[in-house]
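Here are the chains, one letter per residue:
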2 protein chains.
Amino acid sequence: MRALTVIPGRKHSLALTEMPEPEPSPGDLIVDALAVGVCGTDKEIAEAEYGTAPPMADRLVIGHESLGRVREAPDGSGFAPGDLVVGVVRRPDPVPCGACAIGRFDECRNGGYVERGIKQLDGYASEVWTVEPEYAVKLDPGLERVGMLMEPTSVVAKAWDQIDKVGGRSWFEPKRVLVTGAGPIGLLAALIGVQRGLEVHVLDLVAEGPKPELVTALGAVYHHEGIEAVVKEGEPDIVIEATGATSLVADAVAATGSFGVVCLTGVSPEGRNVNVDVGALNREMVLENDAIVGSVNANLGHYATAAEVLREADPGWLGRMITRRVPLEHFDQAFDLGPEHVKAVIELERS
Amino acid sequence: MRALTVIPGRKHSLALTEMPEPEPSPGDLIVDALAVGVCGTDKEIAEAEYGTAPPMADRLVIGHESLGRVREAPDGSGFAPGDLVVGVVRRPDPVPCGACAIGRFDECRNGGYVERGIKQLDGYASEVWTVEPEYAVKLDPGLERVGMLMEPTSVVAKAWDQIDKVGGRSWFEPKRVLVTGAGPIGLLAALIGVQRGLEVHVLDLVAEGPKPELVTALGAVYHHEGIEAVVKEGEPDIVIEATGATSLVADAVAATGSFGVVCLTGVSPEGRNVNVDVGALNREMVLENDAIVGSVNANLGHYATAAEVLREADPGWLGRMITRRVPLEHFDQAFDLGPEHVKAVIELERS
């Protein structure tokens, strides 16, 4: 079978590799891949900034935004051939920390977790893959074209869960949400905001194209004139920062009202120094009792929430989020999107 | 009677003023003052940077860290003459916001609250004051010399409450706490940490004097060599920032382990620009799921917690926190402490 692999730490090593189909462990599902989504982490791995190969291996199969169809499922696995399925990314340390021991492996404290397509486990960008049923999530059959959005949706479901919990430190009846960045994470965050009945504003740089169209179609408000213009209409109770753009992070904190919650989801490069009035920012955070929380990854509970979110969403809208679909042999085109694009997907289904 | 008053907004207006004893409203307690503590907010008011006089008045009686002895108490008030009593600082807006409506006036969203000694209500720095019984807290008789620490303790109790709630967004079994700043807020935060059985580290600038002695007497570890030296021994799960020093705020965030909580309690002046690697900070916050929360003020629940904290503490240790006691006529000496000092108190008891 063909797989998309990389030699972690070596630039320009991303390549299509011929390799044997994986051997299922007892109990595993065997899955024919349909597609993988490509995100910023994949780009970091391709650029040799991130990623670890499995023990004894040189190459890592990338891909963590999976979608496939079950080929073989053991009796009692809860799955049947033909089921649409997504594989979970993270597995806890075999010697679990306190968080992993209660199934919250997204909160791992000892760093001993492994991640498919990222850290020490092959990912899902291969024509066939296997997965333990307890780390597989069944999807509604209507999501055949968009189910690879499940993993980013689980990340966003966790972000909202963290917002709820941090918001709940005080009286919390949010009305207005600002999402910075109309990429996949930002749009999925906006989707959940709209599903919750909140007034959602999305800020990005581009003036036209799929991003403003997707935001408007959702019933949210699109902005591209900078954060001040948004805040002038009313301070948001929640800001979800989904760009990692350094200047926006400080602005986002200043933008909230009292007891505001800023959730950071965008991973930014280091070495972006900004001259910040930390005195004013600290003063504002104390006097307004503001909170900032970072959020990454997701556990099985968040995948379950994500499956709900996708089931309730308009599949046509989700489909329009995927602004580029490329066959496996043209994988490089999925790593080279302009700012007007949202999500690139690599198709893996054998014809 | 004599009172310490200021013309808000006018520098050098802090003065001892002769004024009539306050008229109690029906149901009020009449209280003979024992002392008030002086904090950074009082200094800001004295420097005309903060504070609002009551409607129709030029001068504001300052003082919000109160302590007095009940002179007269209406039947059914729950108080009796001779009781040691502290007055609560904040009152909710008469047209309450959602938070104020459920008694969480420290979370006021409409800004319509008033505060004794700070905003539109006379404070407690007068020889006699009145207070509504529902905003009065009875203290253990053993706290006669130190009960004015009740208000800062309530602020710290709220900070810990916020840490618990924000910490509880994830699996949370904190072991190690770093408190930056060994002033009253920092020391009281350390006291609560020790009462909870945590390993407490306190960082300040001074090398000797009451601060290291108080920290060591508590069973906590004192540091004055900078934050890196503390973190080298192990990352704290919680940082309580109680200096407002701008450079420390960013360092505090970087210092925590995964799912760390940084609670900001120190109000810093604006205009302290620092060149911060916001990219690295944001990346760290996302990948480690860190949180920062600002906390100020306290509600009645936090006062109740504070009363517990003070009852369990060693009164001798609390007394040593008060490194300067001055009679009312020498109030100016309470506004001029060197960095080795902890807390100044103005004595108000009539001889």
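Scroll up a little and you will see the structure.
Described in the following lines is the structure provided in the data block.

The rules behind the values
Residues numbered from 1 in each chain as written. Chains lettered and ligands numbered in written order. Predicted model: local features only at pLDDT ≥ 70, side-chain atom pairs only at ≥ 80, totals over all residues. Heavy atoms only, no water. Helix = DSSP H or I, 4+ residues; strand = E, 2+ residues; numbered from the N terminus. Rg over C-alpha atoms; globule rule 2.2 N^0.38 Å. Buried < 20%, exposed > 50% of the residue type's maximum accessible area, 1.4 Å probe, protein only. Disulfide = S-S within 2.5 Å. Contact = heavy atoms within 4.5 Å. Buried area = accessible area lost by both parts, 1.4 Å probe. Salt bridge = Lys/Arg side-chain N within 4 Å of Asp/Glu carboxyl O. Polar contact = N/O pair within 3.5 Å; in protein donor to acceptor, adjacent residues only side chain to side chain. Nonpolar A, V, L, I, M, F, W, Y, C, P; charged D, E, K, R; others polar. Pairing = 2+ DSSP bridges. Arc of directions from axis to C-beta. 1 Å grid on protein atoms, 1.4 Å probe; cavity = no way out; pocket = protein on both sides within 12 Å on 5 of 7 lines; lining within 4 Å. Points joined across faces, edges and corners; volume = space filled by probe spheres on them. Least-squares fit on C-alpha atoms with pLDDT ≥ 70 in both. Axes fitted to C-alpha atoms, helices over the stretch in contact; angles between N-to-C directions. Expected span 1.5 Å × (residues − 1). Phe/Tyr/Trp six-rings, centres within 6.5 Å; stacked < 30°, edge-to-face > 60°. Lys NZ or Arg CZ within 6 Å of the ring centre and 35° of its normal.

Some details on the overall build of chain A
Here is step 1 of the chain: Broken down by element type, chain A carries 9 helices and 20 strands.
Here is step 2 of the chain: On C-alpha atoms alone, chain A measures out to a radius of gyration of 20 Å, which is about the 20 Å that the 2.2 N^0.38 rule sets for 351 residues.
Here is step 3 of the chain: Each of the three principal axes of chain A carries a C-alpha extent, and together these read 60 × 45 × 40 Å.
Here is step 4 of the chain: Across the 351 residues that make up chain A, the buried fraction comes to 57%.

Description of the state of the cysteines
Here is step 1 of the chain: In the structure shown here, the tally under the stated rule is 0 disulfides over all chains.
Here is step 2 of the chain: Here Cys-39 of chain B stays unpaired: no disulfide links it, and the sulfur of Cys-263 of chain B, its closest cysteine neighbor, is 16 Å away.

A short note on the interface of chain A and chain B
Here is step 1 of the chain: With 53 residues of chain A at the contact, the number on the chain B side is 53 residues.
Here is step 2 of the chain: Three residues stand out in chain A for area buried against chain B, namely Arg-109, Trp-171 and Arg-283 of chain A, and they jointly supply 16% of the buried area on that side.
Here is step 3 of the chain: Among the ionic pairs, Arg-283 of chain B bridges to Glu-44 of chain A, the shortest N-O distance being 3.4 Å.
Here is step 4 of the chain: Here chain A and chain B share 23 residue pairs in polar contact (both at pLDDT 80 or more) between them.
Here is step 5 of the chain: Of all the secondary-structure elements, those providing two or more residues to the side of chain A that touches chain B are helix 2 (150-167), helix 6 (246-255), strand 17 (273-277), helix 7 (278-287) and strand 18 (291-294) of chain A.
Here is step 6 of the chain: When residues in the side of chain A that touches chain B are grouped by element, the largest group, 8 residues, is from helix 7 of chain A.
Here is step 7 of the chain: Tallied by class, the residues present in the side of chain A that touches chain B amount to 23 nonpolar, 17 polar and 13 charged.
Here is step 8 of the chain: The pairing of strand 18 of chain A with strand 18 (residues 291-294) of chain B spans 3 bridges and is classified as antiparallel. Looking across to strand 18 of chain B, one finds that Val-293 of chain A is bridged to Ala-291 of chain B.

Some details on helix 4 (residues 210-218) of chain A
Side chains of residues three or four places apart in an α-helix project in the same direction, reflecting 3.6 residues per turn.
Residues and elements named next belong to chain A.
Here is step 1 of the chain: By the burial criterion, the buried members of helix 4 are Lys-211, Pro-212, Leu-214, Val-215 and Leu-218. The buried residues of helix 4 occupy an angular sector of 165° when projected down its axis, which confines them to one face. Facing away from the buried side of helix 4 by over 90 degrees, the exposed positions are Glu-213 and Thr-216.
Here is step 2 of the chain: Positive backbone phi, approximately 90°, marks Gly-219, located one or two places after helix 4.

Describing empty space enclosed by the protein
Here is step 1 of the chain: For the structure on display, the rule yields 2 cavities of 30 Å³ or more.
Here is step 2 of the chain: One number sums up the size of the largest cavity: a volume of about 270 Å³.
Here is step 3 of the chain: Surrounding the largest cavity, 20 residues form its lining, Val-276, Leu-281 and Ile-292 of chain A together with Leu-281 and Ile-292 of chain B being those nearest its centre.
Here is step 4 of the chain: Mapped onto the lining of the largest cavity, the elements with two or more residues apiece are helix 6 and helix 7 of chain A together with helix 6 (246-255) and helix 7 (278-287) of chain B.
Here is step 5 of the chain: Taken together, the residues that form the lining of the largest cavity break down as 18 nonpolar, 2 polar and no charged.
Here is step 6 of the chain: For the second largest cavity, the calculated volume is near 30 Å³.
Here is step 7 of the chain: Forming the walls of the second largest cavity are Val-88, Val-89, Arg-90, Glu-151, Ser-154, Asn-297, Ala-298 and Tyr-303 of chain B.
Here is step 8 of the chain: Counted by class, the lining of the second largest cavity contains 4 nonpolar, 2 polar and 2 charged residues.

Examining the pairing of strand 6 (residues 84-87) of chain A
Residues and elements named next belong to chain A.
Here is step 1 of the chain: Side-chain alternation along strand 6 places Leu-84 and Val-86 on one buried face and Val-85 and Gly-87 on a second face that is also buried.
Here is step 2 of the chain: Judged from the 2 bridges that link them, strand 5 (residues 65-72) and strand 6 form a sheet pairing that is antiparallel. Paired with Gly-68 across the strands is Val-85, a residue of strand 6.

Digging into the relation of the copies chain A and chain B
Here is step 1 of the chain: Mapping chain A onto chain B is achieved by rotating through 180° and translating by 0.0 Å along the same axis, at an RMSD of 0.0 Å. The symmetry that links the two subunits is that of a two-fold axis. Nearest to the rotation axis, the C-alpha of Asn-275 of chain A is located 2.2 Å from it, this being the minimum over chain A.
Here is step 2 of the chain: Interface overlap between copies: 100% of the residues of chain A at the interface are likewise at the interface in chain B, consistent with a symmetric, same-surface contact.

Quick notes on the sheet that holds strand 13 (residues 199-203) of chain B
Here is step 1 of the chain: The 12 strands are arranged 14(A)-13(A)-12(A)-15(A)-16(A)-18(A)-18(B)-16(B)-15(B)-12(B)-13(B)-14(B) in an open sheet whose pairing can be described as mixed. Two strands in the sheet have a free side with no partner beyond their single neighbour: strand 14 (221-223) of chain A together with strand 14 (221-223) of chain B. Going across the sheet, the axis of each strand differs from the next one's by a mean of 15°, ignoring polarity.
Here is step 2 of the chain: Pairing of strand 13 (residues 199-203) of chain A with strand 14 of chain A involves 3 bridges; the strand directions are parallel.

A closer look at the pattern of salt bridges
Where charged atoms from two side chains of opposite charge approach closely, those side chains can pair.
Residues and elements named next belong to chain A.
Here is step 1 of the chain: For the structure on display, the rule yields 42 salt bridges over all chains.
Here is step 2 of the chain: Between Glu-21 and Arg-350 there is a salt bridge, with the nearest N and O atoms lying 3.3 Å from each other. Taken as a pair, Glu-21 in the loop between strand 2 (15-18) and strand 3 (29-38) and Arg-350 in the segment after strand 20 (343-347) lie far apart in primary sequence, 329 residues in all.
Here is step 3 of the chain: With relative accessibility at 34%, the residue Glu-21 sits in the partly exposed group.
Here is step 4 of the chain: With relative accessibility at 40%, the residue Arg-350 sits in the partly exposed group.
Here is step 5 of the chain: Notably, a salt bridge pairs Glu-107 with Arg-104, separated by 3.0 Å at the nearest N-O pair.
Here is step 6 of the chain: Residue Arg-104 is classed as partly exposed on the basis of its relative accessible area, which comes to 23%.
Here is step 7 of the chain: Linked through salt bridges whose partners overlap, the residues forming this network are Arg-2, Glu-21, Asp-32, Arg-71, Glu-127, Glu-329 and Arg-350.

Section: helix 3 (residues 184-195) of chain A
All names here are of chain A.
Here is step 1 of the chain: When the terminal C-alpha atoms of helix 3 are compared, their 16 Å separation across 12 residues agrees well with the 16 Å that a helix rising 1.5 Å per residue should span.
Here is step 2 of the chain: For helix 3, a buried count of 9 out of 12 residues is recorded, marking the element as mostly surrounded by other parts of the structure.
Here is step 3 of the chain: Among the residues making up helix 3, those that are buried are Pro-184, Gly-186, Leu-187, Leu-188, Ala-189, Ala-190, Leu-191, Ile-192 and Gly-193.

Some points on the packing of aromatic side chains
Residue and element names in this part refer to chain A.
Here is step 1 of the chain: On inspection of all chains with the given rule, the structure shows 4 aromatic pairs over all chains.
Here is step 2 of the chain: Residues Tyr-124 and Trp-129 carry aromatic rings whose centres are separated by 4.5 Å and whose planes lie at 70° to one another, so their mutual orientation is edge-to-face. There is no split in this pair, since Tyr-124 and Trp-129 are both buried.
Here is step 3 of the chain: The ring of Tyr-113 has Arg-90 lying over it, and the distance from NZ or CZ to the ring centre is 3.5 Å.
Here is step 4 of the chain: The ring of Phe-79 carries the charged tip of Lys-138 above its face, separated from the ring centre by 5.4 Å.

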